[in-house]
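Observations on the three-dimensional arrangement
What follows is each chain in one-letter form.
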Amino acid sequence: MSEEKKLHPFDQMMFGGRTHKKEASPSQEKREGSNEGGSLLDGVHSIMNSIDELKPLYKKVSPLLKQWNIK
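Residues numbered from 1 in each chain as written. Predicted model: local features only at pLDDT ≥ 70, side-chain atom pairs only at ≥ 80, totals over all residues. Heavy atoms only, no water.

1. Remarks on the overall build of the protein chain
Within the protein chain, the regular secondary structure consists of three helices and zero strands. Expressed as a percentage of the 71 residues in the protein chain, the buried residues total 1%. Total accessible area on the protein chain stands at roughly 7,300 Å², and carbon and sulfur atoms take up 59% of it. (Helix = DSSP H or I, 4+ residues; strand = E, 2+ residues; numbered from the N terminus. Buried < 20%, exposed > 50% of the residue type's maximum accessible area, 1.4 Å probe, protein only. Areas by Shrake-Rupley, 256 points an atom, 1.4 Å probe, with all protein chains shown as cover.)

2. A few points about a nonpolar patch on the surface
Nonpolar side chains collect at one region of the surface, where Leu 40, Val 44, Ile 47, Met 48 and Ile 51 lie side by side and expose about 470 Å² of accessible area between them. Examined against the element boundaries, Val 44 turns out to sit in helix α3 (residues 26–70). Classification of Val 44 by relative accessible area gives partly exposed; the value is 43%. (Patch = residues over 30% accessible without salt bridge, like charges linked within 9 Å, V, L, I, M, F, W, Y side chains within 5 Å. Salt bridge = Lys/Arg side-chain N within 4 Å of Asp/Glu carboxyl O.)

3. Section: the pattern of salt bridges
Inspection of every chain in the model, using the stated rule, returns one salt bridge. Here Lys 55 makes a salt bridge to Asp 52, at a shortest N to O gap of 3.9 Å. Of this pair, Lys 55 and Asp 52 both sit in helix α3, separated by three residues, roughly a single helical turn. Relative accessible area serves as the criterion here: at 46%, Lys 55 is assigned to the partly exposed category.

Here is the structure:
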């Protein structure tokens, strides 16, 4: 008897049938990990660039915000 037939119909409706995952080999995990590190650094680099671009805007807006906060 298959796994899907052993499940209660309500459980199958709520949680779906069981899926079989194919396990990745260790060499594939190493390659995926190295790609994640590069994308993480790219994300940090783009955030730092955005902050550098927003600094002049913050300097222009901060006096206005200080006046608004005092009132």
